[in-house]
Amino acid sequence: MISEETIRQYIDEGLRCIGCGALIQTDNKNDIGYTPMSALKKSFENDEVFCQRCFRLRHYNEIQPVNLTDDDFRHLLEQIADTNSLVVYVMDVFDFSGSLIPGLHRFVGNNDVLLVGNKVDVLPRSLKRSKIKDWMRQQANIAGLRPIDVALTSGKNGEDIEKMLDLISKYRKNRSVYVVGVTNVGKSTLINQVIKSVTGDRHDVITTSRFPGTTLDRIEIPLDDDSNIIDTPGIIHQDQMAHYLSAKDLKYVSPQKEIKPKTFQLNEGQTLFMGALARFDYIQGQRTSITAYFENNLLIHRTKLANADAFYEKHAGDLLAPPATENLAMLPPLQRYEFKTTEKTDIVIDGLGWLTVPANTVVAGWAPQGVSVLTRRAMI
């Protein structure tokens, strides 16, 4: 069995958790990287060193809070601008606007950016891949990004991983590759698929979960003698819906399989509730079809606009769920945003989904205070 003295030497040299990248330490259980010495000894026996946080997340699906701020995460990413590298920017195609990193150009400098749309498996199969790529490039351009190419993939099932790796090989030119993205876009899951593809190892190495902020420091995976794939911590968007939900309710905002759009015939003066998490009002326009794209198990209720406030007050937490009554206090009050459409438009509730409405309507979207509601040219 390895001695405690030898383990201390490894710690002094900068021993890192292979799950989240944090430096291992045994002194302060409230700081990142903490692992009891007894657990470390077992980890060395199994040749897998995890911090206590990653161990509990992997085996018990428990998340422990960490004392890292948005500025801490951003500081780690700002180092990329000083490198000569390829930046792989991972976005969630289901939550594109919620995947945008404000001021990304400051992090990447003059480096090339390969835009990767992850979780493509949750979009309707009828949607052509070429159309998704074109739409992603247009949306990226609107945000001030000029990606060198666009790839689609699924970290969950490994779909098109090889195509993405071919693009990385094409554009990296013997440089290291930095993988960046906001929390919860499936970045670490994607990296695990890359590791499996490159090494043949069938076991996940990087810690993954539905919880935001799982990767805590950069994790380096060798590509060759001179370059690495570097997984960076996700930028935390405090306006993500996930931050206001319990672990139990997260499954309603993170689709795990192909979403099935739901179409409603609405007259003006009608309202749709997405559980108690969000609301859509059809204020003005002809009778029309409104299509909703949300996690399949999220129940949508229709009622009259005139009665909507009272309906929510009475039923939030039971008929309108999630969240359940005991978790309703975690959710800020819903805030209203009104829009007038001039073309076919998506009304997007960041981190939850969207509704597609026709031109020449007046509508309103409601979301918890702090969660963005915005419009975009219709994806579908």
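Residues numbered from 1 in each chain as written. Predicted model: local features only at pLDDT ≥ 70, side-chain atom pairs only at ≥ 80, totals over all residues. Heavy atoms only, no water.

Peer 1: What's the story with the sheet that holds strand β13 (residues 345-349) in this structure? I'm lost.
Peer 2: Through backbone hydrogen bonds, the strands of a sheet pair up, either in parallel or in antiparallel fashion. Here five strands make up an open sheet; going across it, the order is β7-β10-β14-β13-β16 and the pairing antiparallel. Only two strands of the sheet have a single neighbouring strand rather than two, namely β7 (262-266) and β16 (373-377). The average angle at which neighbouring strand axes cross in this sheet is 25 degrees, direction not considered. Alignment of β7 against strand β10 (residues 288-294), held across five bridges, turns out to be antiparallel. Looking at β10, one finds that Gln265 is bridged to Ser289. (Pairing = 2+ DSSP bridges. Helix = DSSP H or I, 4+ residues; strand = E, 2+ residues; numbered from the N terminus. Axes fitted to C-alpha atoms, helices over the stretch in contact; angles between N-to-C directions.)

Peer 1: Would you take a moment to explain the sheet that holds strand β9 (residues 278-284) for this structure?
Peer 2: With respect to topology, five strands assemble into an open sheet ordered β11-β8-β9-β15-β12, the strand pairing being antiparallel. With one partner strand each, in any of the chains shown, β11 (300-304) and β12 (334-340) form the two edges of the open sheet. This sheet shows a mean twist of 20 degrees between the axes of neighbouring strands, independent of strand direction. Inspection of the sheet shows β9 paired to strand β15 (residues 362-368) by five bridges, in the antiparallel sense. Paired with Phe280 across the two strands is Gly365, which belongs to β15. Its contacts with the sheet place helix α9 (residues 308-315) against β8 (270-274), β9, β11 and β12, and it is angled at close to 25 degrees to β8. (Contact = heavy atoms within 4.5 Å.)

Peer 1: I would appreciate a short explanation of the pairing of β15 in the present structure.
Peer 2: Each regular strand carries side chains that alternate between the two faces of the sheet. Among the seven residues in β15, seven count as buried, and that is most of the element. The pairing of β12 with β15 spans seven bridges and is antiparallel. Across the sheet, the residue bridging to Phe339 is Val363, located in β15. (Buried < 20%, exposed > 50% of the residue type's maximum accessible area, 1.4 Å probe, protein only.)

Peer 1: So what exactly am I meant to see when it comes to the packing of aromatic side chains here?
Peer 2: Any two aromatic rings considered together are summarised by their centre-to-centre distance and by the angle between their planes. What the rule picks out here adds up to five aromatic pairs. Ring geometry for Phe96 against Trp135: centres 5.3 Å apart, planes inclined by 70 degrees, an arrangement best described as edge-to-face. With a gap of 39 residues between them, Phe96 in the loop between β1 (85-92) and α5 (104-108) and Trp135 in helix α6 (residues 129-142) connect regions that are remote in the sequence. Trp135 carries the same exposure label as Phe96, and that label is buried. Ring pairs connect the aromatic residues Phe94, Tyr293 and Trp354, which therefore count as one cluster. Of note, Arg279 hangs over the ring of Trp366, and the distance from its end group to the ring centre comes to 4.1 Å. (Phe/Tyr/Trp six-rings, centres within 6.5 Å; stacked < 30°, edge-to-face > 60°. Lys NZ or Arg CZ within 6 Å of the ring centre and 35° of its normal.)

Peer 1: Any chance you could explain the pattern of salt bridges here in plain terms?
Peer 2: For side chains of opposite charge, pairing can occur when their charged atoms come near one another. Per the counting criterion, the structure on display carries 12 salt bridges. Two residues, Arg175 and Asp112, come together in a salt bridge whose shortest N-O distance is 3.4 Å. Linking Arg175 in the loop between α7 (161-172) and β4 (176-180) with Asp112 in strand β2 (residues 112-118), this pair joins segments that are 63 residues apart in sequence. Notably, a salt bridge pairs Asp160 with Arg129, separated by 3.1 Å at the nearest N-O pair. Of this pair, Asp160 sits in the loop between β3 (149-152) and α7 while Arg129 sits in helix α6, placing them 31 residues apart in sequence. Beyond isolated ion pairs, a larger network of salt bridges with shared partners links Arg125, Glu258 and Lys260. (Salt bridge = Lys/Arg side-chain N within 4 Å of Asp/Glu carboxyl O.)

Peer 1: So what exactly am I meant to see when it comes to α7 here?
Peer 2: The periodicity of an α-helix, 3.6 residues per turn, causes residues three or four places apart in sequence to face the same way. Given a rise of 1.5 Å per residue, 12 residues ought to cover 16 Å, and the 16 Å separating the end C-alpha atoms of α7 matches this to within 8%. Among all positions in α7, only Ile161, Met164, Leu165, Leu167, Ile168, Tyr171 and Arg172 are buried. Looking down the long axis of α7, one finds its buried residues gathered within 160 degrees of arc, a one-sided arrangement. Looking at α7, the residues exposed on the side facing more than 90 degrees away from the buried face are Lys163, Asp166, Ser169 and Lys170. (Expected span 1.5 Å × (residues − 1). Arc of directions from axis to C-beta.)

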